[in-house]
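An overview of the molecular structure
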Amino acid sequence: MNGNTKFLYEQYWHERIKKSKNEVRGEAKLNEIFETASSALTEGNRILDVGCGDGSFSHYIKNKFRRLYGAEITKEAAHIAQKQGVFTTITDLNSSLSYKVNTFDAVTCLDVIEHLQDPRLLLAEIYRVLRPDGKLVLTTPNFRYFRNLNKLIFKGGFPHTTPDDFAWRGVHLNYFTRRDLENLLGKAGFARMRFFINQGQFRISRKRRLIRLLTGEKTFGEWFCGSITISAKKEP
């Protein structure tokens, strides 16, 4: 990652942390991506959150794992994560992870690979640090989401798959569908892939329940979910 891009992320996290400090404290809002990723994880000893940010995901998994680790590029965000009990390292995720082979029971990579110059390098590193039969849970925006295709095909604009506006396209460099992820993970050596969708959406939306009933859960996930959540295993 070049110096300009690194500076963008440092500025982004600085403003985000500053904003969160100024907000009125109240009940935390549910993060659907974190909730879905957490549902894909079982209990274990050590987990690594790649691109952990300020460690917010730790609140969803702290009762599932004994030790939480994080790799993050920005020092300010990593410092906040440490205060939340995450053992963090400052790492450029376009290079190598500073952990030994077969270290972790699970690795999460939540909305990270769309920011990387070459996601294959990170997936190879994740495979290396996972123990045999360890699980990766990965999320990324779904380019095949019908709202993205509507904007591309009928409105003539390229979809921005992030609400972030701190840089053009929120510094998303890559775009993925479910099949793209299956191919990437397969080439990295992963197996037993499974997709997850957030089940909470069906409790609050009758329209989404109806669409799922008419299309089936697989098709619903392909076209009507803005995010992709996939798990995969490192074979023993």
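Placed above this text is the structure.
Just so you know, these numbers come straight off a predicted model, no measurement behind them. (Residues numbered from 1 in each chain as written. Predicted model: local features only at pLDDT ≥ 70, side-chain atom pairs only at ≥ 80, totals over all residues. Heavy atoms only, no water.)

Focus: the sheet that holds strand β1 (residues 44-50)
By way of backbone hydrogen bonds, the strands of a sheet pair with one another, either parallel or antiparallel. As a reminder of what qualifies: At least two DSSP bridges between two strands are required for those strands to pair. Every helix listed is a DSSP run of H or I at least four residues long, and every strand listed is a run of E at least two residues long, numbered separately from the N terminus. As a rule, the C-alpha atoms of each element are fitted with a line to give its axis, helices using only the stretch in contact, and angles between N-to-C directions run from 0 to 180 degrees.
The seven strands lie next to each other as β3-β2-β1-β4-β5-β7-β6, forming an open sheet whose pairing is mixed. Both edges of this open sheet fall to β3 (86-90) and β6 (190-196), since each of them pairs with a single strand only. For this sheet, the mean inter-axis angle between neighbouring strands, taken without regard to orientation, is 20 degrees. Bridging between strand β4 (residues 104-110) and strand β5 (residues 130-141) involves six bridges; their strand directions are parallel.

Comments concerning helix α7 (residues 178-187)
The criterion, for reference: To sort residues, take the accessible area from a 1.4 Å probe on protein chains only and compare it with the maximum for the residue type: under 20% means buried, over 50% means exposed, and anything in between is partly exposed. In this context, the arc is that of the directions from the helix axis out to the C-beta atoms. Only heavy atoms matter for contacts: two residues are in contact if any of them lie within 4.5 Å across the pair.
Within α7, the full set of buried residues consists of R178, L181, L184 and L185. All buried residues of α7 fall inside an arc of 125 degrees around its axis, so they share one side. Counted as exposed and oriented over 90 degrees from the buried face of α7: R179 and K187. Among the structural elements, α5 (119-129), β5, β6, α10 (217-223) and β7 (227-234) are those in contact with the buried residues of α7. Looking one or two residues beyond α7, the residue adopting positive phi is G189, at roughly 105 degrees.

Everything listed is a geometric property; what it means functionally is a separate question.
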